[in-house]
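Listed here are the chains, written in short residue letters.
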Number of protein chains: 2
Amino acid sequence: MSDAFHLNCPVPLNDHATVQMAHGGGGRLMRELIESVFRSVFDRTEAAEPPHDAAVLSSREGRLAFTTDSYVVHPLFFPGGDIGRLAVCGTVNDLAMAGARPDALSAGFILEEGFSIESLRRIVRSMADEARVAGVRIVTGDTKVVDRGKGDGVFINTAGVGWIAPGVDISPARVAPGDAVLVSGDLGRHGMAILSVREGLEFEGALESDCAPLADLVAAMLAAGADVHCLRDLTRGGLAAAVNEIALDAGVGIELDEASIPVAEPVAAACELLGLDPLYAANEGRLAVFVPAEVADRVLQAMQNHPAAVGPARIGTVVAAHPGVVELKNRFGAGRILDFLSGEQMPRIC
Amino acid sequence: MSDAFHLNCPVPLNDHATVQMAHGGGGRLMRELIESVFRSVFDRTEAAEPPHDAAVLSSREGRLAFTTDSYVVHPLFFPGGDIGRLAVCGTVNDLAMAGARPDALSAGFILEEGFSIESLRRIVRSMADEARVAGVRIVTGDTKVVDRGKGDGVFINTAGVGWIAPGVDISPARVAPGDAVLVSGDLGRHGMAILSVREGLEFEGALESDCAPLADLVAAMLAAGADVHCLRDLTRGGLAAAVNEIALDAGVGIELDEASIPVAEPVAAACELLGLDPLYAANEGRLAVFVPAEVADRVLQAMQNHPAAVGPARIGTVVAAHPGVVELKNRFGAGRILDFLSGEQMPRIC
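Scope of this entry: the structure provided in the associated data block. (Residues numbered from 1 in each chain as written. Chains lettered and ligands numbered in written order. Predicted model: local features only at pLDDT ≥ 70, side-chain atom pairs only at ≥ 80, totals over all residues. Heavy atoms only, no water.)

Now for the packing of helix 1 (residues 28-39) of chain A against helix 3 (residues 117-134) of chain A. All names here are of chain A. The contact between helix 1 and helix 3 brings their axes to 9 Å, and the two run at 45°. Accordingly, the angle class assigned to the pair helix 1 and helix 3 is oblique. On helix 3, the residues touching Leu33, Ser36, Val37 and Phe38 of helix 1 are Ile117, Leu120, Arg121 and Val124. For the contact of helix 1 with helix 3, the class distribution of residues is six nonpolar, one polar and one charged. (Axes fitted to C-alpha atoms, helices over the stretch in contact; angles between N-to-C directions. Helix = DSSP H or I, 4+ residues; strand = E, 2+ residues; numbered from the N terminus. Parallel < 35°, antiparallel > 145°, perpendicular 65-115°, else oblique. Contact = heavy atoms within 4.5 Å. Nonpolar A, V, L, I, M, F, W, Y, C, P; charged D, E, K, R; others polar.)

As structure tokens, then:
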């Protein structure tokens, strides 16, 4: 049984309280937790309906996009966001990358016994706020509790559904030689913001996560009339992982112009200090877009006019040569291969 | 970025291997894990398409049902199932309880560093097998890795989408005085199967979880032409929690006839030994159904003809008296209140 956010017995749960095993047991305490922490914040639009094991949504025109991500970021709160904000943006963005207008999200919480109810409330409010910004409803959810030492405060899973308008066809399969590669802003902020907190670096203030929903930006690009071939948000593994995946999956080569890839000064400084490469650092509010070269300027213009794009740039070209391989050219024209890392620069970044 | 189960670089991952932090990093090792453990088992039907941040589904007639559950059951393997089987059945059943035909599932894995790849494979195969039985596709997923001691082997979230045929309207709001209450089989097996393993009880052999998908049983009840008012699967908190929720949410009273509630001998014996009540024990393959009294026999007959119902029975009636309260009548006609427990009899049952 899924826990719908619809309950009839409001009982205030003190902010000094902590999560107990019994909050996951399906009894009165679980109902109180759901009512007091989740129900009062989520799903206001459908509050008149009684609870149900599944949310029921009107179907819309077009195909259905469906995606999921779990979030295990550490620390839970970081400059520019928290795990709740991340859980909404990340899944909204996955829907947007398929060209879908996000409709509804689910939220599944795995709570560790002893976790602070006050922190949980902050996270849940942050999710509700971000959902409002992104124009998406949180309509169904679930709460589980695990013993102390078998979790880490809170893990969140969000799944999402959205609708792809007829005529929109965005997929790695459409990437073709000649396509221009654009990014929506400067890279590496999320990864370096998390790492700067973990490492206790000084420039914390200037280094905030780029965490943001991108669905409206995608809608603006589509409204500009461009035939967008493919979109990809630049999360775990950063730009490097994203373009390598597309090169492999579309069977094309990609050439990137190193000098045109935007990296902000504090990110570059943090990377230098820690010996990291910003092209592998995670973003949570940046995308790459693949479009026919002849409409690249129009798409760039549409991005420049949208607040979710922060210094968008054309950074490269899709080529028929070296399929599956991404080449990075420096300002003197010399190239090197931008490969996958085997593992990661930073664990638990999202 | 969500991890689609579509990758091009098959690399065998040894069964003696264990999960490393790098398997969650977005790099080559994560691609190998996904290819070798997930991709080879899930989503065969759409294997020709390249990976994408979201799965794209054809929309069908009717309204969309959308649900989620996380699974943290301990132990991961138990008589009659495992966490993977549970994760498929539980979410399929939540869709079925809304009267939906399940269409597709997502699967999000939170792996603990050091978890056995061989165990993960068993769980993934179990999910694929159960999805085939339930007639549902696993189309999108995600993998995260947390440090040793910050998880517990594996947690799984599944979300699901399904379609509610026009004319089907199943909701707690429709439960009304006079409705008959039926259950699809004997109660308490899942909870007592888990507990018997944890407690090392002798009768393990005879006590298997009832874990099973119920969507086809629901379809059979609807096909019998009955106006089903409400369905509820009897998971955490068992029959008692489910009927109490419906009594509260529908604003009705419920009277149950204790002698007619089916409980199998080994479940009753285990409960007696451990001082537990089978009416509060979790089930993962049983439902309660609320129907107008005049069609109760027809629905009971439809259940009796279906293999997913195991000794279905009519167990009670919805009344206008004592709204929000469930009364249990013994064979002599004396009643007592069947209340919510405050917490749970058994933690981490699903």
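Moving on from the model shown.
Aligned on chain A, chain B shows an RMSD of 0.0 Å; the corresponding rotation is 180° and the shift along the axis is 0.0 Å. Taken together, the rotation and translation relating the two chain copies correspond to the operation of a two-fold axis. In terms of C-alpha distance to the rotation axis, chain B has Gly151(B) as its closest residue, with the C-alpha 2.2 Å off the axis. Mapped onto chain A, 100% of the interface residues of chain B are again interface residues, and the two copies thus contact each other with one and the same surface. (Least-squares fit on C-alpha atoms with pLDDT ≥ 70 in both.)

Turning our attention to the nonpolar core. Soluble globular proteins tend to bury their nonpolar side chains together. All names here are of chain A. Phe109, Met192 and Val289 are the most contacted members of the largest nonpolar core, which totals 82 residues. Among the elements that make up this core, the one with the highest residue count is helix 2 (residues 83-97) (nine residues). Residue contributions to this core reach at least three from each of two domains, namely domain 1 (21-45 + 54-164) and domain 2 (172-337). (Core = buried A, V, L, I, M, F, W, Y, C linked by side-chain atoms within 4.5 Å. Buried < 20%, exposed > 50% of the residue type's maximum accessible area, 1.4 Å probe, protein only. Domains from an automatic or database assignment.)

Here the bond from His74(A) into Pro75(A) is cis, since omega is 0°, no more than 30 degrees from zero. Secondary-structure assignment places Pro75(A) in the loop between strand 2 (63-71) and strand 3 (77-78). Backbone geometry places His322(B), a non-glycine residue, at a positive phi of 30°. Residue position: His322(B) is located in the loop between strand 12 (313-319) and strand 13 (326-329).

This paragraph deals with the packing of aromatic side chains. Given two aromatic rings, their pairing is described by the distance between the two centres and the angle made by the two planes. Inspection of the entire model under this criterion finds six aromatic pairs over all chains. Note on Phe38(A) and Phe109(A): the rings are 4.6 Å apart at their centroids and 35° apart in plane angle, and the pair reads as tilted. Taken together, the residues span a long stretch of sequence, with Phe38(A) in helix 1 and Phe109(A) in strand 5 (residues 100-112) at a distance of 71 residues. Taking the relative accessible area as the measure of exposure, Phe38(A) reaches 0% and is therefore buried. Ring geometry for Phe155(A) and Phe155(B): centres 6.4 Å apart, planes at 45°, overall tilted. With Phe155(A) in strand 7 (residues 154-164) and Phe155(B) in strand 7 (residues 154-164), this residue pair bridges two chains. (Phe/Tyr/Trp six-rings, centres within 6.5 Å; stacked < 30°, edge-to-face > 60°.)

This paragraph deals with the pattern of salt bridges. Enumeration according to the criterion identifies 44 salt bridges over all chains in this entry. One salt bridge in this structure joins Arg28(A) and Asp339(B), with 2.8 Å as the shortest N-O distance. A residue pair is termed interchain when its members come from two chains, as with Arg28(A) in helix 1 and Asp339(B) in the segment after strand 14 (335-337). Judged by relative accessible area, which is 35%, Asp339(B) ranks as partly exposed. A salt bridge links Lys329(B) to Glu327(B), with the shortest nitrogen-to-oxygen separation between them at 3.8 Å. Taking the relative accessible area as the measure of exposure, Lys329(B) reaches 29% and is therefore partly exposed. Salt bridges here are not isolated pairs; linked through shared partners, they connect Asp69(A), Arg236(A), Asp142(B) and Lys144(B). (Salt bridge = Lys/Arg side-chain N within 4 Å of Asp/Glu carboxyl O.)

Further remarks concern helix 5 (residues 215-223) of chain B. When we look at burial in helix 5 of chain B, the residues that qualify are Ala215(B), Leu217(B), Val218(B), Ala219(B) and Met221(B). Each element contacted by the buried residues of helix 5 of chain B is listed here: helix 2 (83-97), strand 5 (100-112), strand 9 (230-233), strand 11 (287-291) and helix 8 (296-304) of chain B.

With that out of the way, let us pick up the state of the cysteines. Applying the stated rule across the entire model yields zero disulfides over all chains. Note on Cys211(A): no disulfide assigned, nearest cysteine sulfur contributed by Cys89(A) at a separation of 3.8 Å. (Disulfide = S-S within 2.5 Å.)

Let us now look at the environment of Leu57(B). Considering the arrangement of structural elements, one finds Leu57(B) in strand 1 (residues 55-57). On the accessibility criterion, Leu57(B) (1% relative accessible area) is buried. In the structure, Leu57(B) is positioned 28 residues away from Leu29(B) in sequence and 29 Å away in space, judged by C-alpha atoms. Not counting residues up to four positions away in its chain, the partners in contact with Leu57(B) are Arg63(A), Leu64(A), Phe66(A), Asp103(B), Ala104(B), Arg137(B), Val139(B) and Val161(B).

Once that is clear, we can look at the sheet that holds strand 7 of chain B. If you trace the five strands from one edge of the open sheet to the other, you get 1(A)-2(B)-7(B)-5(B)-6(B), paired in mixed fashion. Only two strands of the sheet have a single neighbouring strand rather than two, namely strand 1 (55-57) of chain A together with strand 6 (137-146) of chain B. Neighbouring strand axes in the sheet, compared pairwise and without regard to direction, differ in orientation by 20° on average. In the sheet, strand 5 of chain B pairs with strand 6 of chain B via nine bridges, with the strands oriented parallel. The partner of Glu112(B) across the bridge, within strand 6 of chain B, is Val146(B). Packed on one face of the sheet, helix 1 (residues 28-39) of chain B meets strand 5 and strand 6 of chain B and runs near 135° to strand 6 of chain B. (Pairing = 2+ DSSP bridges.)

Residue and element names in this part refer to chain B. Pairing in this open sheet of seven strands is mixed, and the strands run 9-11-8-12-10-13-14 from one edge to the other. Among the strands making up the open sheet, the edge pair consists of strand 9 and strand 14. The mean inter-strand angle of the sheet, taken between neighbouring strand axes irrespective of direction, is 25°. Across four bridges, strand 10 (residues 253-257) lies against strand 13 in parallel orientation. The residue of strand 13 that forms the bridge with Asp257 is Lys329. On top of the sheet, helix 5 reaches strand 9 and strand 11; it is set at about 15° to strand 11, its chief contact.

Quite often, the size of an interface is put as the accessible area lost when its parts meet. With 85 residues of chain B at the interface, the matching set in chain A holds 85 residues. A salt bridge links Asp69(A) to Lys144(B); its shortest N-O distance comes to 3.8 Å. Summed over the shared surface of chain B and chain A, the result is 24 residue pairs in polar contact (both at pLDDT 80 or more). Here the side of chain B that touches chain A is built from residues that sort into 38 nonpolar, 27 polar and 20 charged. Where strand 2 of chain A and strand 1 of chain B come together, three bridges link them in antiparallel fashion. The partner of Phe66(A) across the bridge, within strand 1 of chain B, is Ala55(B). (Polar contact = N/O pair within 3.5 Å; in protein donor to acceptor, adjacent residues only side chain to side chain.)

Let's shift gears to the environment of Ala240(A). Within the element layout of this structure, Ala240(A) appears in helix 6 (residues 238-250). When the C-alpha atoms of Ala240(A) and Val326(A) are compared, they prove to be 8.4 Å apart, with 86 residues separating the residues in sequence.

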